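Summary of the model geometry
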Amino acid sequence: MRTTLKFLAEEANLSTTAVSLILNGKNVRVSKEKKQKVLELAEKYNYTPNSLAVGLVTKKTNTVGLIVPDIANAFFAEIAKNLERSLSYNGYSLILCNTNDNLSEEIKYAQLLLAKDVDALIVCPTVQSVENSKYINSFIESGKKVVAFDRYSDDMPCSTVAGDNFLGSRQAVEYLIKKGHRRIGCIGGPSDSYSAKLRIKGYMDALNDNGIKIDEKIIRQGDYKFDSGYEQGLELLKTDVTAAFVCNDLMAYGFYRAVMEKNKIIPDDISIIGYDDLFFSSMLDVPLTTVRQNTESFSDEICRLMNKNDDIEHVLIKTRIIERESVKDLNL
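The structure displayed is predicted, hence computed values, not measured ones.

Once that is clear, we can look at the overall build of the protein. Regarding its fold elements, the protein presents 12 helices and 12 strands. For the protein, whose C-alpha radius of gyration is 26 Å, the value lies well above the compact-globule estimate of 20 Å for 332 residues. Dimensions of the protein, computed from the C-alpha atoms along their principal axes, are close to 85 × 40 × 30 Å. Counting across all 332 residues of the protein, residues that qualify as buried make up 48%. By sequence separation, contacts in the protein at least 24 residues apart represent 73% of the contacts at least 6 residues apart. Positive and negative side-chain charges in the protein, numbering 42 and 46 respectively, have mean positions lying 5 Å apart.

Structure representation (structure tokens):
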């Protein structure tokens, strides 16, 4: 049976208001002996405050909602882990919701979190909702802070944190060019994803700026998931590409499987560079060269913006190449 504030008040022969003030370290006109008795009773009966009751008084629940599209994607899992650690250190509990990139699930969870009166919402929207995230307005109108990350549009009415997708993809393709590659294929993300569009743009700009003709036949569309990397990798292996820029590490892992099934060797037969620098990328048989998005920087910026005033701010996280063993230098 839960120990209530009323029970402690009756045991100490004080009002519930006085007991509440004592437990919260506030000034109250009672003797030191009475204060000590309340503290001893709270310890004896393992009293913990009712968070709902506290929320009614403080107008805070010390909870934060986090909505992600795919918790199986290590990029989102790492951000969730970092956020949970930072928020816990600052006295918040995290409620994690996974949408499987489904718009109706996203709306359902957003409504649930609003009903639970979370203090803030952190969300990586589904691709479909990026341009029309009406529920974000509901949170803002309720006086709650909202921070969107990774996927965003310039019209979002909240602060955003994202990797510099355009710069990161340029870095990846320019790295391949410096290694002597001219026939560079690409496996992009969903066509309606803003981040995927920026990564394709970076790929094309790097080719153009280096005098390499763009060949639409070696640009394949994936969905940021393993299977599409495998399927589109098989198609690229039918061409004469010497290297491929794969727009996230999960698809790169799928490409690795396709290469293995065709009895080819990375990087001797084909070079691969990924994007994200997920945990497993350094553990592959041929460690993956990739573009790092620093998930700790993501989490730090999200927490900073969550505690910021009402000004909207858009933050881009810098990227950098992590050089491993999956790219062959054709200049040698």
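Strand order across the open sheet formed by six strands is β7-β6-β8-β9-β10-β12, with mixed pairing between neighbours. In this open sheet, the two edge strands, each paired with only one partner strand, are β7 (219-221) and β12 (319-322). Taking each pair of neighbouring strands and ignoring which way they run, the sheet shows an average axis angle of 15°. Relative to strand β10 (residues 289-293), strand β9 (residues 271-276) runs parallel, the two sharing four bridges. Across the sheet, the residue bridging to Asp 276 is Arg 292, located in β10.

Looking now at the sheet that holds strand β4 (residues 145-149). The six strands lie next to each other as β2-β1-β3-β4-β5-β11, forming an open sheet whose pairing is parallel. For this open sheet the edge positions go to β2 (93-98) and β11 (314-317), each flanked by a neighbour on one side alone. Taken pair by pair, the neighbouring strands of this sheet meet at an average axis angle of 15°, ignoring direction. Bridge analysis of β4 against strand β5 (residues 159-163) gives three bridges, and the strand direction is parallel. Bridge pairing in β5 places Phe 149 opposite Val 161. Against the sheet, helix α6 (residues 103-115) touches β1 (63-68), β2 and β3 (120-123), its axis set at about 180° to β1.

The next subject is empty space enclosed by the protein. Within the structure shown, the criterion is met by two cavities of 30 Å³ or more. For the largest cavity, the calculated volume is near 140 Å³. Together, 16 residues line the largest cavity, and Asn 73, Phe 76, Arg 151, Tyr 224 and Asn 248 are the ones closest to its centre. Going through the elements one at a time, α5 (74-89) and α9 (194-209) are the ones with two or more residues in the lining of the largest cavity.

A few words now on the packing of helix α10 (residues 226-236) against helix α11 (residues 249-261). Where α10 meets α11, the axes come as close as 6 Å, and the angle between the chain directions of the two elements is 45°. As the angle between them shows, α10 and α11 are arranged oblique. When the axes of α10 and α11 are compared, the crossing they make is right-handed. On α11, the residues that touch Phe 226, Ser 228, Gly 229, Tyr 230, Gly 233, Leu 234 and Leu 236 of α10 are Leu 250, Met 251, Tyr 253, Gly 254, Phe 255, Arg 257, Ala 258 and Glu 261. Residues of the contact of α10 with α11, tallied by class, amount to nine nonpolar, four polar and two charged.

Time to look at the nonpolar core. One recurring pattern in soluble globular proteins: nonpolar side chains tend to sit buried together. Ranked by size, the top nonpolar core spans 68 residues in total, and within it Phe 149, Val 161, Tyr 203, Phe 245, Phe 255 and Ile 272 carry the most contacts. Per-element tally for this core: the top contributor is α11, with eight residues. Counting 18 residues, the second-largest nonpolar core is a separate cluster that includes Val 118, Tyr 135, Phe 139 and Met 156.

Our next topic: the pairing of β11. Residues of β11 alternate between two faces, with Val 315 and Ile 317 buried on one and His 314 and Leu 316 left unburied on the opposite face. By the bridge criterion, four bridges tie β5 to β11 in an arrangement that is parallel. By the bridge assignment for β11, Ala 162 is matched with Leu 316.

A cluster of nonpolar side chains, namely Phe 279, Phe 280 and Met 283, defines an oily patch on the protein surface of about 350 Å² accessible area. Structurally, Met 283 is set in the loop between β9 and β10. Of the residues examined, Met 283 reaches a relative accessible area of 52% and is grouped as exposed.

What follows covers the confidence of the model for the protein. Reading fine detail from the predicted coordinates is not recommended where pLDDT is low. Scored by pLDDT, the protein comes out at a mean of 89, with 95% of its residues at no less than 70. Low pLDDT (under 50) marks residues 52-58, which in the prediction has four contacts with non-local residues, meaning those over four places away or in another chain.

Pairs can form between side chains of opposite charge once their charged atoms are near each other. One pass over the structure, following the stated rule, counts 17 salt bridges. Between Lys 217 and Asp 215 there is a salt bridge, and its shortest N-O distance comes to 3.3 Å. The exposure class of Lys 217 is exposed, given its relative accessible area of 63%. Of the charged contacts in the structure, one is a salt bridge between Arg 304 and Glu 313, with a shortest N-O distance of 2.8 Å. Among the charged side chains, a network of salt bridges with common partners joins Arg 183, Asp 215, Lys 217 and Asp 240.

Criteria and thresholds
Residues numbered from 1 in each chain as written. Predicted model: local features only at pLDDT ≥ 70, side-chain atom pairs only at ≥ 80, totals over all residues. Heavy atoms only, no water. Helix = DSSP H or I, 4+ residues; strand = E, 2+ residues; numbered from the N terminus. Rg over C-alpha atoms; globule rule 2.2 N^0.38 Å. Buried < 20%, exposed > 50% of the residue type's maximum accessible area, 1.4 Å probe, protein only. Contact = heavy atoms within 4.5 Å. Lys, Arg positive; Asp, Glu negative; His and termini not counted. Charge placed at Lys NZ, Arg CZ, Asp CG, Glu CD. Pairing = 2+ DSSP bridges. Axes fitted to C-alpha atoms, helices over the stretch in contact; angles between N-to-C directions. 1 Å grid on protein atoms, 1.4 Å probe; cavity = no way out; pocket = protein on both sides within 12 Å on 5 of 7 lines; lining within 4 Å. Points joined across faces, edges and corners; volume = space filled by probe spheres on them. Parallel < 35°, antiparallel > 145°, perpendicular 65-115°, else oblique. Left-handed = near helix turned anticlockwise from the far one by under 90°. Nonpolar A, V, L, I, M, F, W, Y, C, P; charged D, E, K, R; others polar. Core = buried A, V, L, I, M, F, W, Y, C linked by side-chain atoms within 4.5 Å. Patch = residues over 30% accessible without salt bridge, like charges linked within 9 Å, V, L, I, M, F, W, Y side chains within 5 Å. Areas by Shrake-Rupley, 256 points an atom, 1.4 Å probe, with all protein chains shown as cover. Salt bridge = Lys/Arg side-chain N within 4 Å of Asp/Glu carboxyl O. pLDDT = per-residue confidence, 0-100.

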